[in-house]
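# Descriptive structure summary
Each chain, letter by letter, is given below.
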Amino acid sequence: MMEALVRPQNRRSLLEKRFDYLALVPAAAAICYPFLLNAFHAIVGTQAVSPPPLAIASATFILVIAFVVPFLGIALACRPTSNPGSRRFAYASVVSPTLYVFLGVVQILIKSPIPDEVVWCAIWLAIAIWSQSARDPVAAAEPAVGSWRVVHGVTAAVLSLYVVFHLTNHLFGLVGPGTHAAIAQAVVEALGL
């Protein structure tokens, strides 16, 4: 009789130790991000010249929720009880708006027929599952600084090139839409896309 009471309690404590459900909130918020943008554009894009006050209030509310996604990641990363894996995961959600735009650009460049939202959800679900997989906490606490420096440097170089190109492309837009389109087309042709 006593064993029957102890077993369910042991299973529950094992699940609680294995899964940090609060650590999955950044993934849920990041997964919701594109759908929030879609809802915002659906409200704003379908309105006449002067939208009704309810549409303005709804669009503003949805946009505020979309802006909360990165701040939620910061708040959850600062939890004193979060482990290093959960903290890194929360920090990754901080850049989810930028990553979503980058994913959209990549999807266009490779001419993917899969909707951005499907790819986005699959990526975040995979990251969430990976972040909660069982690992040795002692081994996870030992940083591999050397290899992370290389990854950090390569990532910084790629992102810097992207930002420089992106800002330069927008600066050509100041000259005129024709110049902007010509530069964008030249880059697409140079990349062979």
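Data block above holds the structure.
No experiment lies behind these values; they were computed from the predicted model shown.

### What about the overall build of the protein?
When you go through the protein residue by residue, the secondary structure sums to nine helices and zero strands. Scored against the burial criterion, the 193 residues of the protein give a buried share of 23%. With the model as given, the accessible surface of the protein reaches about 13,500 Å², and the carbon-plus-sulfur share is 74%.

### A word on helix 5 (residues 96-109)
One turn of the α-helix equals 3.6 residues, which is why residues spaced by three or four share an orientation. Here helix 5 contains 14 residues, and its C-alpha end-to-end distance of 20 Å stays within 8% of the 20 Å for a straight helix at 1.5 Å per residue. All of the buried residues along helix 5 are Ser96, Pro97, Tyr100, Leu103, Gly104 and Gln107. Relative to the axis of helix 5, the buried residues are bounded by an arc of 120 degrees and lie together on one face. In this structure, the buried residues of helix 5 make contact with helix 2 (25-45), helix 3 (53-77), helix 4 (84-94) and helix 6 (116-131). A positive backbone phi angle near 55 degrees is found at Lys111, which sits one or two residues after helix 5.

### Re the packing of helix 3 against helix 4
Helix-helix packing: each pair is described by the crossing angle between the helix axes and the interaxial distance. Closest axis-to-axis distance for the helix 3/helix 4 pair is 7 Å, and the angle between their directions is 160 degrees. Considering the angle they form, helix 3 stands roughly antiparallel to helix 4. Like other packed secondary-structure pairs, helix 3 and helix 4 cross with a definite hand, here left-handed. Across from Val69, Pro70, Gly73, Ile74, Leu76 and Ala77 in helix 3, the residues of helix 4 making contact are Arg87, Ala90, Tyr91, Ser93 and Val94. Of the residues belonging to the contact of helix 3 with helix 4, the class tally is eight nonpolar, two polar and one charged.

### Quick notes on the packing of aromatic side chains
Each aromatic ring pair is characterised by the separation of its centres together with the angle its planes make. Counted under the stated rule, the structure contains five aromatic pairs. Pairing Phe102 with Tyr162 gives two aromatic rings, centres 5.4 Å apart and planes at 85 degrees, and the pair type is edge-to-face. Taken as a pair, Phe102 in helix 5 and Tyr162 in helix 8 (residues 145-175) lie far apart in primary sequence, 60 residues in all. One aromatic cluster is present, formed by Tyr33, Phe89, Tyr100, Trp120 and Trp124 through successive ring pairs.

### Focus on the packing of helix 2 against helix 3
Between helix 2 and helix 3, whose axes approach to 9 Å, the crossing angle comes to 160 degrees. The angle between the axes of helix 2 and helix 3 places the two elements in the roughly antiparallel class. The hand of the helix 2/helix 3 crossing is left-handed. Only Ala55, Ser58, Ala59, Ile62, Leu63, Ile65, Ala66, Val69, Leu72 and Leu76 of helix 3 make contact with helix 2, whose side of the interface consists of Val25, Pro26, Ala29, Ala30, Tyr33, Leu36, Ala39, Phe40, Ile43 and Val44. The residue inventory of the contact of helix 2 with helix 3, partitioned by class, reads 19 nonpolar, one polar and no charged.

### Points about the environment of Thr168
Mapped onto the elements, Thr168 comes out in helix 8. In this structure the C-alpha to C-alpha distance between Thr168 and Ile183, which are 15 residues apart in sequence, comes to 9.7 Å.

### Some points on helix 9 (residues 177-191)
For helix 9, built from 15 residues, the straight-helix expectation of 21 Å at 1.5 Å per residue is met to within 8% by its first-to-last C-alpha distance of 21 Å. Gly192 occupies a position one or two residues after helix 9 and carries a positive phi of about 75 degrees.

### Some points on the nonpolar core
In this structure, Tyr33, Trp120 and Trp124 are the most contacted members of the largest nonpolar core, which totals 22 residues. Mapped onto this core, the elements with two or more residues apiece are helix 2, helix 3, helix 5 and helix 6. Each residue touching Tyr33, except ones within four places of it in the same chain, is listed here: Ala66, Val69, Pro97 and Tyr100.

What counts, and at which threshold
Per-chain numbering applies: the sequence of each chain, read as written, is numbered from 1 onward. Where local features are concerned, this predicted model is filtered to residues with pLDDT of at least 70; where side-chain atom pairs are given and counted, the filter is 80 or more; whole-chain, interface and lining totals use all residues. Processing note: side-chain calculations cover all non-hydrogen atoms of the structure and skip hydrogens and water entirely. Think of it this way: any DSSP run of H or I at least four residues long counts as a helix, any run of E at least two long counts as a strand, and we number them from the N terminus. Residue burial is assigned from relative accessible area. The probe radius is 1.4 Å, only protein chains are included, and a residue is buried under 20% of its type maximum, exposed over 50%, and partly exposed in between. All accessible-area figures derive from a Shrake-Rupley calculation using a 1.4 Å probe, and residue coverage is judged against the displayed protein chains alone. Expected span of a helix, by definition, is 1.5 Å for each gap between consecutive residues, and there is one gap fewer than residues. Here the arc refers to the set of directions running from the helix axis out to each C-beta atom. Contacts: residue pairs with any heavy atoms within 4.5 Å of one another. To obtain an axis, a line is fitted to C-alpha atoms, over the contacting stretch when the element is a helix, and the angle between two such axes runs from 0 to 180 degrees between their N-to-C directions. Should an angle lie under 35 degrees it is considered roughly parallel, over 145 roughly antiparallel, and from 65 to 115 roughly perpendicular; all remaining angles are considered oblique. Crossings are classed by handedness, with left-handed meaning an anticlockwise turn of the near helix from the far one by less than a right angle and right-handed meaning a clockwise turn. Throughout this entry, Asp, Glu, Lys and Arg are counted as charged residues, while Ala, Val, Leu, Ile, Met, Phe, Trp, Tyr, Cys and Pro are counted as nonpolar. The remaining residues, Gly among them, count as polar. The criterion for an aromatic pair is that two Phe, Tyr or Trp rings (for Trp, the six-membered ring) have centres within 6.5 Å, with stacked assigned to planes under 30 degrees apart, edge-to-face to planes over 60 apart and tilted to the rest. What makes a nonpolar core is a set of buried Ala, Val, Leu, Ile, Met, Phe, Trp, Tyr and Cys residues whose side-chain atoms join them at distances within 4.5 Å.

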